[in-house]
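Structure assessment
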Amino acid sequence: MIDAHRTEAIVRQRYAAGAKERVDNLCCSVEYESEYLKVIPQEVIERDYGCGDPSPYLFEGEAVLDLGSGTGKICFIAAQIVGAKGKVIGVDMTDEMLDVARRNAPIVAERIGYANVEFCKGRIQDLALDLELLDRQLKAHPITNAASFLAADELAEELRVKHPLVASDSVDVVVSSCVLNLVESKSKRQLFEEIFRVLKKGGRAVICDIVSDEEVPEEMQNDPDLWSGCISGALTEESFLAAFERAGFYGIQILKRDAQPWRTVQGIEFRSVTVEAFKGKQGECFERNQAVIYRGPFKEVLDDDGHRMERGKRYAVCDKTYNLYKKSPIAPSLSSSIRSSRYRSIRPNHSIVRVPHCGIQKKARAGITT
Ligand SMILES: C[S@@+](CC[C@H](N)C(=O)[O-])C[C@H]1O[C@@H](n2cnc3c(N)ncnc32)[C@H](O)[C@@H]1O
């Protein structure tokens, strides 16, 4: 297996080249809302290596973090959706990508009339560590021997705690397009934990990425071209969803799934999916005499906290669960109206895989009035 540092170096090299000029076939072609592209300079638009567009799932006023922001296109689109009251942070580890994004940020700001985007250097599996801050500190205290090497490690840890690049519980939405697959295998778990950490309670991740329909064999994972080309690092569709679950998310659903694979390599299909996952099921349970009924259409459902409910039966739930059920994405009778206004700019030709909602009805338990 190629080691983690080599994997990262290969990815950085490939996208450094992709920042300087357009490289074809690095990822699938994506359609964006043309209205938002008008203010974005051409060099940003053409050096697009995404596999999906998370921006239709954003709202005005939100704080958005884009993982692996590249030349900044998703950030510049998000900037217009969240507006002057919202803000957008793009994180990327490749200097050449950051250079393009940063030199175009003032141009976009001038065209839209406000500046609400910033680009930072970091690794998305370690969102607490500000790599530019670390660089500056290391220039003042260079690593020259074993002692200074160990001190540098301590310094990085101190920076994570005292000056985190992205603070815990600080972001409404984490978005990303075609980047998670590029993170080396051993750091994937930490990557999902980091996404969870930086989100506010009630926040959500909307992630577009390439997934596979079978495990990618080791020899393919050792192929640097396939890895940096968004193939070999892909998780299977199932493991991708399970990774959100393991990190503590709930309400996980596939918002979009390409029916056609983007590529088929050695018989394995690689396609783009967009997944949404919510933070907020953690917390204390208080009894407030609430109960719910699952209305169907399935015979029974199981939520991410392990509540199993048969259709039509009444179940007592704690206040925390009751409130989660009242909100998106589970909110029952509200679900259709929320969908149409919330995800306002989904174009009709996008195929959305709808996970059935729990039709939860507020009901008092026998003898209790609510
Ligand atoms: C396939 S491109 C996608 C860029 C952008 N999201 C888009 O839609 O055009 C992957 C980007 O992620 C960055 N990247 C890859 N691995 C990263 C990591 N571990 N941490 C931060 N950035 C990373 C690369 O530098 C590159 O800019």
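Residues numbered from 1 in each chain as written. Predicted model: local features only at pLDDT ≥ 70, side-chain atom pairs only at ≥ 80, totals over all residues.

**A closer look at the overall build of the protein chain**
Counting its regular elements, the protein chain contains 13 helices and 14 strands. Scored against the burial criterion, the 370 residues of the protein chain give a buried share of 38%. Expressed as a percentage of contacts within the protein chain between residues at least 6 apart in sequence, the contacts between residues at least 24 apart total 73%. (Helix = DSSP H or I, 4+ residues; strand = E, 2+ residues; numbered from the N terminus. Buried ≥ 20, exposed ≤ 12 C-beta atoms within 10 Å, placed from the backbone. Contact = placed C-beta atoms within 7 Å.)

**Notes on the confidence of the model for the protein chain**
Here the protein chain averages 89 in pLDDT, while 89% of its residues score no lower than 70. At the level of individual helices and strands, the protein chain shows its lowest average pLDDT in helix α13 (residues 335-342), which scores 32, and its highest in strand β1 (residues 63-67), which scores 99. Confidence drops under a pLDDT of 50 for residues 333-370, and excluding neighbours within four residues, the segment shows 58 contacts in the predicted structure. (pLDDT = per-residue confidence, 0-100.)

**Focus on helix α1 (residues 4-20)**
Given 3.6 residues per helical turn, the α-helix brings residues three or four places apart onto the same face. Between its terminal C-alpha atoms α1 stretches 25 Å, which fits the 24 Å expected from 17 residues at 1.5 Å a residue. Considering only its buried residues, α1 is in contact with α5 (95-112) and α10 (224-228). (Expected span 1.5 Å × (residues − 1).)

**With respect to the site of the ligand**
Contacts to the ligand come from 25 residues, most closely from Y49, G50, G68, G70 and T94. When residues of the shell around the ligand are traced back to their parent elements, those giving at least two are α1, α4 (73-82) and β2 (87-92). (Near = placed C-beta within 6 Å.)

**Some remarks on the nonpolar core**
Judged by nonpolar contacts, the single largest core of 77 residues is most densely connected at L65, A78 and V174. With eight residues, α4 is the single largest residue contributor to this core. Sequence-distant contacts of A78, defined by excluding residues within four places in its chain, comprise S55, L58, V64, D66 and V88. With five residues, the next largest nonpolar core counts V292, L324, Y325 and I330 among its residues. (Core = buried A, V, L, I, M, F, W, Y, C linked by C-beta atoms within 7 Å.)

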